[in-house]
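Chains, contacts and geometry: an overview
One-letter residues, chain by chain:
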Amino acid sequence: MSEFRSGFVCFVGRPNTGKSTLTNALVGQKVAITSNRPQTTRHTIRGIVHREDFQIILVDTPGLHRPRTLLGQRLNDLVKDTYSEVDVIGLCIPADERIGPGDRWIYQQIRAVAPRTTLIAVVTKIDKVPKDRVAEQLMAVSELLGPDAEIVPVSATANEQLDVLTDVLVSKLPEGPAYYPDGELTDEPEEVLMAELIREAALEGVRDELPHSLAVVIEEVEERPGRDADNPLIDVHAILYVERDSQKGIVIGKGGARLREVGTAARTQIEKLLGTKVYLELRVKIAKNWQRDPKQLGRLGF
């Protein structure tokens, strides 16, 4: 019988290279929030891939970027700590965009802070370009990482080559016991996941001025008293913090329409997460310049 393998893997790359989508596809359930905006992932969310002979724990980090605020600096520090603690780093480079300075910078950062961590390259979104373009990208990635680098082309949305990627990741993990009981998909507290789902719904389709300025805090989660045991209802009260009046207007929308849409979309996802009916109450508050204020950063969970 082959030995059980287990370990920690993180996917890194420029914003919008498909890291969170890949995490979700490998785990088989939505654990990381997916958005086409830089810096949408704020917390280290782990997805867990279980099989009979291995366990991969996927650590989802905020994207590395050149920081402009205290929040940005704290997020970068978090990423660098993660790099040196995992067993494998998967550098995600999309097939549909040429390698640029951002990819090179991230590769240099990884090698500077985690020179001994096993690095593989994952060429994502191969369903978006013709085969010859994929081949060109594989050559370009090989030039960036060196001739000995292991490179796996995948498409998370089309479910292509995910089993190949899983096999490669497992082969790089040490032998060891399972870290989590079978059936657990993430070790993040449910409140953190709920806040992330609300944040994702609020970011959907809004203008560029919002993403970094939005934080979500779950104030209260309680079971509605007096409900039938077969038909429970969970009350969730959350606050969306923005930095300016104008942003508050964007989140709420005309006559509150946008906030209602956000509530409906987030509630659907939270009900899936909790497996029960949910009443979701959202309020929007202003916390001026919270990204630059250490006290407010602490209060909002950073």
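Structure's up top.
Residues numbered from 1 in each chain as written. Predicted model: local features only at pLDDT ≥ 70, side-chain atom pairs only at ≥ 80, totals over all residues. Heavy atoms only, no water.

1. Considerations on the overall build of the chain
Rules: Note on conventions: DSSP H or I runs of at least 4 residues are helices, E runs of at least 2 residues are strands, and numbering of each starts at the N terminus. Classification of residues uses two cut-offs on accessible area relative to the type maximum, computed with a 1.4 Å probe and protein chains only: under 20% is buried, over 50% is exposed, and between them is partly exposed. We call two residues in contact whenever any of their non-hydrogen atoms come within 4.5 Å of each other. Areas reported here follow the Shrake-Rupley algorithm with a probe of radius 1.4 Å; residue values treat only the protein chains shown as occluding.
Counting its secondary structure elements, the chain contains nine helices and nine strands. Taken across its 302 residues, the chain has 51% of its residues classed as buried. The contacts in the chain between residues at least 6 apart in sequence include a share of 71% that link residues at least 24 apart. For the chain, the exposed area adds up to about 14,700 Å²; of that, 47% sits on carbon and sulfur atoms.

2. A few points about helix α1 (residues 19-27)
The element α1 is largely enclosed, with a buried count of seven among its nine residues. Listed in full, the buried residues belonging to α1 are K19, S20, L22, T23, N24, L26 and V27. Positive phi appears at G28, one or two residues downstream of α1, with a value of about 85°.

3. Let's talk about the sheet that holds strand β8 (residues 233-242)
The condition that has to hold: By definition, two strands form a pair when at least two bridges between them are found by DSSP. Note on geometry: axes are C-alpha line fits, over the in-contact stretch for helices, and angles between N-to-C directions span 0 to 180 degrees.
With mixed pairing, three strands are arranged side by side in an open sheet as β7-β8-β9. Strands with a single pairing partner mark the edges of an open sheet, and in this sheet they are β7 (215-223) and β9 (277-286). Put simply, the sheet's adjacent strands are angled 20° from each other on average, direction ignored. Where β7 lies against β8, eight bridges are found, and the strand directions are antiparallel. Among the inter-strand pairings, V216 is bridged to a residue of β8, identified as L240.

4. Regarding the pairing of strand β4 (residues 88-94)
Quick note on the threshold: Orient the strands so they point away from the viewer, and a crossover whose first-strand-to-second-strand path over the helix runs clockwise is right-handed.
Among the seven residues of β4, seven are classified as buried, and the element is accordingly described as predominantly covered. Neither face of β4 is left uncovered, since the one carrying V88, G90, C92 and P94 and the one carrying I89, L91 and I93 both have all their residues buried. When strand β1 (residues 5-12) meets β4, the two strands line up parallel, connected through four bridges. The residue of β4 that forms the bridge with C10 is I89. In the classification by handedness, the crossover that spans β4, the intervening helix α3 (residues 101-113) and the parallel strand β5 (residues 118-124) is right-handed.

5. Regarding the nonpolar core
Quick reminder of the rule: Definition used in this section: a nonpolar core is a set of buried Ala, Val, Leu, Ile, Met, Phe, Trp, Tyr and Cys residues joined via side-chain atoms within 4.5 Å.
Counting 28 residues, the largest nonpolar core has V12, I89, L91, I110 and L145 as the members making the most contacts within it. Sequence-distant contacts of L91, defined by excluding residues within four places in its chain, comprise V12, G13, I106, Y107, I110, L119, I120, A121, V122 and L145. If you look at the next biggest cluster of nonpolar residues, it comprises 24 residues, including A195, I234, L240 and L280.

6. Observations regarding the state of the cysteines
Applicable threshold: Only a pair of cysteine sulfur atoms within 2.5 Å qualifies as a disulfide here.
The tally for this structure, following the rule as stated, stands at zero disulfides. Cysteine C10 is unpaired, with the sulfur of C92 as its nearest cysteine sulfur at 9.3 Å.

7. A short note on the packing of α1 against helix α5 (residues 162-172)
Cut-off, in case you're wondering: Oblique is the label for any angle not under 35 degrees, not over 145, and not in the 65 to 115 range, which are roughly parallel, roughly antiparallel and roughly perpendicular in turn.
Look at α1 against α5: their axes get within 11 Å of each other, and the N-to-C directions meet at 90°. When the axes of α1 and α5 are compared, the pair comes out roughly perpendicular. Between α1, through L22, A25 and L26, and α5, the contact on the second element is made entirely by L162, L165 and T166.

8. Brief notes about the packing of helix α7 (residues 245-252) against helix α8 (residues 257-274)
The cut-off we apply is this: Polar here means any residue outside two lists: the nonpolar Ala, Val, Leu, Ile, Met, Phe, Trp, Tyr, Cys and Pro, and the charged Asp, Glu, Lys and Arg; Gly therefore counts as polar.
Packing of α7 against α8 leaves a shortest axis separation of 5 Å and a crossing angle of 60°. Our classification of the angle between α7 and α8 gives oblique. Contact with α7, carried on its side by I250, V251 and I252, involves A257, R258 and L259 of α8 and no other residues of that element. Considered class by class, the residues forming the contact of α7 with α8 number five nonpolar, no polar and one charged.

9. Some thoughts on the pairing of β8
Within β8, 10 of the 10 residues are buried, which leaves it mostly tucked inside the rest of the structure. Side-chain alternation along β8 places L233, D235, H237, I239 and Y241 on one buried face and I234, V236, A238, L240 and V242 on a second face that is also buried. Here β8 pairs with β9 via 10 bridges, running parallel. The residue of β9 that forms the bridge with V242 is I286.

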